[in-house]
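Descriptive analysis of the structure
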Amino acid sequence: MRTSDEAEFRDFATARMAGWRRTAYLLGRDWDLAEDLVATVLGKLYRQWSRRAGIASLDAYVNTMLVRALLDERRRPWRREHPADLDAERAGPDRPATPEEGTVDRLTLDAYLGQLGARRRAVLVLRFYCDLSVEETAEALGISVGTAKSQTARGLETLRALVPVRES
């Protein structure tokens, strides 16, 4: 890779690394897995950097790569084990220790997302956190547009049922 391309890649990746990590966490609900997914995607993106001109949206492309990396990781047999004390490790290094700056809301949303199935969670994260269209979400997950729409609707319906009604 040319020096100018490498510098451009480094700038692109550095600017988006925290967002990729948060997206990977929301998809997989594990900070260590999120780090692994981002590292995997970063390596693949580096190898394909010379072809970036043919990609309509690099951000959408990376989101698709994250979803596919998660699916690949979930297919591996060692990922089927779930240690009981994993919740204690999920706090993550970049979360504030105090309930300031929306931490309570993030923890609550995280708990609600954790009660959804993997596909519905992935659809909601891509649609509303990554701000992808229905078509882009369907393409990223390898599902039909109708399935993406129905999974979005059902996921939102489940979240609404989980959230307690606040009295004014």
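Residues numbered from 1 in each chain as written. Predicted model: local features only at pLDDT ≥ 70, side-chain atom pairs only at ≥ 80, totals over all residues. Heavy atoms only, no water.

1. Brief notes about the pattern of salt bridges
Keep this limit in mind: For this document, the term salt bridge refers to a Lys or Arg side-chain nitrogen within 4 Å of an Asp or Glu carboxyl oxygen. Helix numbers and strand numbers start at the N terminus; a helix is a DSSP run of H or I with at least 4 residues, a strand a run of E with at least 2. Think of it in three bands: with a 1.4 Å probe and only protein chains considered, a residue is buried below 20% of the maximum accessible area for its type, exposed above 50%, and partly exposed in between.
Following the criterion strictly, the structure yields 5 salt bridges and no others. Note that Asp-59 is salt-bridged to Arg-16, the shortest N-O span being 2.7 Å. Residue Asp-59 is located in helix α3 (residues 58–74), and its partner Arg-16 is located in helix α1 (residues 3–28); the two are separated by 43 residues in the primary sequence. When its relative accessible area of 35% is taken as the criterion, Asp-59 is described as partly exposed.

2. Topic: the environment of Ala-118
As for its position among the elements, Ala-118 is in helix α6 (residues 118–129). Distance in space between the C-alpha atoms of Ala-118 and Arg-29 is 9.9 Å, their sequence separation being 89 residues.

3. Quick look at helix α2 (residues 31–47)
What counts, and what does not: A helix is expected to span 1.5 Å for every residue after the first. Throughout, the arc means that of the directions going from the helix axis to the C-beta atoms. Throughout, a contact is declared for two residues whenever any of their heavy atoms are within 4.5 Å. In protein, a polar contact requires one atom able to donate a hydrogen and another able to accept it; more generally it is a pair of N or O atoms within 3.5 Å, and residues adjacent in sequence count only if both atoms are side-chain atoms.
Taking 1.5 Å per residue, 17 residues should reach 24 Å; α2 reaches 25 Å between its end C-alpha atoms and fits that length. Along α2, the positions that sit buried rather than exposed are Trp-31, Leu-33, Ala-34, Leu-37, Val-38, Val-41 and Leu-45. In a view along the axis of α2, the buried residues occupy a sector of 145 degrees, so they form one face of it. Looking at the packing, one finds that the buried side of α2 touches α1 and α3. Between the side-chain oxygen at the start of α2 and the backbone nitrogen of Asp-32 there is a gap of 3.0 Å, and the oxygen is on Asp-30.

4. Here's the deal with unusual backbone geometry
With a phi close to 60 degrees, Arg-29 is a non-glycine residue in the positive phi region. Within the secondary structure, Arg-29 is located in the loop between α1 and α2. Judged by its relative accessible area of 13%, Arg-29 falls in the buried class. We note that Asp-131 has phi near 60 degrees; this positive angle belongs to a residue other than glycine. For Asp-131, the position within the fold is in the loop between α6 and α7 (134–141).

5. Section: the side chain of Gln-151
Within the fold, Gln-151 resides in helix α8 (residues 145–162). The exposure class of Gln-151 is buried, given its relative accessible area of 11%. Setting aside residues no more than four positions away along its own chain, Gln-151 makes contact with Arg-119, Arg-120 and Val-123.

6. Structural notes on the packing of aromatic side chains
Put simply, the test is: Only Phe, Tyr and Trp rings take part, Trp by its six-membered ring, and two of them pair if their centres are within 6.5 Å. Stacked means planes under 30 degrees apart, edge-to-face means over 60, and tilted covers everything else.
Here the structure, examined in full by the defined rule, presents 5 aromatic pairs. Here Phe-9 and Tyr-46 contribute two aromatic rings whose centre-to-centre distance is 5.2 Å and whose plane-to-plane angle is 75 degrees, an arrangement assigned as edge-to-face. With Phe-9 in helix α1 and Tyr-46 in helix α2, this pair connects stretches of sequence that are 37 residues apart. Accessibility expressed as a relative area gives 33% for Tyr-46, which makes it partly exposed. Summarising the aromatic geometry, the rings of Tyr-25 and Trp-31 are spaced 4.1 Å apart at their centres and angled 10 degrees between planes, so their arrangement reads as stacked. Judged by relative accessible area, which is 3%, Tyr-25 ranks as buried. An aromatic cluster of three or more residues is present, and its members are Phe-9, Phe-12, Trp-20, Tyr-46 and Trp-49.

7. Here we look at the side chain of Thr-152
By secondary structure assignment, the location of Thr-152 is in helix α8. In this structure Thr-152 comes out as buried when scored by relative accessible area, which is 8%. Leaving out residues up to four positions away in the same chain, Thr-152 has contacts with Val-123, Leu-124, Arg-127 and Phe-128.

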